[in-house]
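Chain residues, written in single-letter form:
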Amino acid sequence: MHPKFILVSQPERPLVGTLVYGLVDQHKDLPRGYGKVHGGGWYRKDDVHKTFTLYGSSGDYGAPKLAFLNRIPRELKDYTFYFAPGWNLPGNELDLTDVEWF
């Protein structure tokens, strides 16, 4: 099992993407129900430093379109989010000002 994420929107809110993450073999194992996937990749969740870093690209869905990072699970509200194109590259902090925590 691997730490993977996708950004997915539902038909009733097609311009609002939700972060879905978990330990799976394939990115295609993450979607719940019907929706449009806007890319994905790997993640690293550091509970000590409260950071959540998104990495790279999904083999199933391509690179994440971060404009669809609009909804994030509430359990990650105290985390600082970063994006890095590769595992060993430095990440850029993401602006979560307008994110909906659900």
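Residues numbered from 1 in each chain as written. Predicted model: local features only at pLDDT ≥ 70, side-chain atom pairs only at ≥ 80, totals over all residues. Heavy atoms only, no water.

Chemist: Before we move on, can you summarise the overall build of the chain with the specific residues and values?
Modeler: Along the chain, the regular secondary structure elements total zero helices and eight strands. Secondary structure elements of the chain, listed N to C terminal, follow the sequence β-β-β-β-β-β-β-β. A compact globule built from 102 residues should have a C-alpha radius of gyration of about 13 Å, and the chain, at 13 Å, falls within 12% of that. Viewed in the frame of its principal axes, the chain has a C-alpha envelope of about 35 × 30 × 20 Å. Taking all 102 residues of the chain together, 44% fall into the buried category. Contacts in the chain between residues at least 24 apart in sequence constitute 59% of all its contacts with a sequence separation of at least 6. If you sum the accessible surface of the chain, you get close to 6,000 Å²; carbon and sulfur atoms cover 51% of it. The positive charge centre, built from 12 side chains, and the negative charge centre, built from 12, are 3 Å apart in the chain. (Helix = DSSP H or I, 4+ residues; strand = E, 2+ residues; numbered from the N terminus. Rg over C-alpha atoms; globule rule 2.2 N^0.38 Å. Buried < 20%, exposed > 50% of the residue type's maximum accessible area, 1.4 Å probe, protein only. Contact = heavy atoms within 4.5 Å. Areas by Shrake-Rupley, 256 points an atom, 1.4 Å probe, with all protein chains shown as cover. Lys, Arg positive; Asp, Glu negative; His and termini not counted. Charge placed at Lys NZ, Arg CZ, Asp CG, Glu CD.)

Chemist: I'd love a proper account of the pattern of salt bridges, names of residues and values included.
Modeler: Using the criterion set out here, one finds three salt bridges in the structure. A salt bridge links Arg13 to Glu100, with the nearest nitrogen and oxygen atoms 3.2 Å apart. On the criterion of sequence distance, the pair formed by Arg13 in strand β2 (residues 13–24) and Glu100 in strand β8 (residues 100–101) is long-range, its members being 87 residues apart. With relative accessibility at 31%, the residue Glu100 sits in the partly exposed group. The partner of Asp47 in a salt bridge is Lys45, with the nearest N and O atoms 3.2 Å apart. Residue Asp47 is classed as partly exposed on the basis of its relative accessible area, which comes to 44%. With a relative accessible area of 36%, Lys45 lands in the partly exposed category. One salt-bridge network, held together by shared partners, links Arg13, Arg71 and Glu100. (Salt bridge = Lys/Arg side-chain N within 4 Å of Asp/Glu carboxyl O.)

Chemist: Tell me about the pairing of strand β4 (residues 51–55), and please be specific about residues and values.
Modeler: Every regular strand shows the same layout, with side chains that alternate between the two sheet faces. Most of β4 is tucked away: five of the five residues are buried. Taking every second residue as pointing to the same face, both faces of β4 are buried, with Thr51, Thr53 and Tyr55 on one and Phe52 and Leu54 on the other. Sheet topology note: the strand β3 (residues 36–46)/β4 ladder contains five bridges and is antiparallel. Residue Tyr43 lies in a different strand from β4, and its bridge partner there is Leu54. Where β3 hands over to β4, the hairpin turn is made up of four residues, of which Lys50 adopts a positive phi near 55°. Examined bridge by bridge, β4 and strand β6 (residues 80–84) share five bridges and lie parallel to one another. From the neighbouring strand, Tyr55 faces β6, where its bridge partner is Ala84. (Pairing = 2+ DSSP bridges.)

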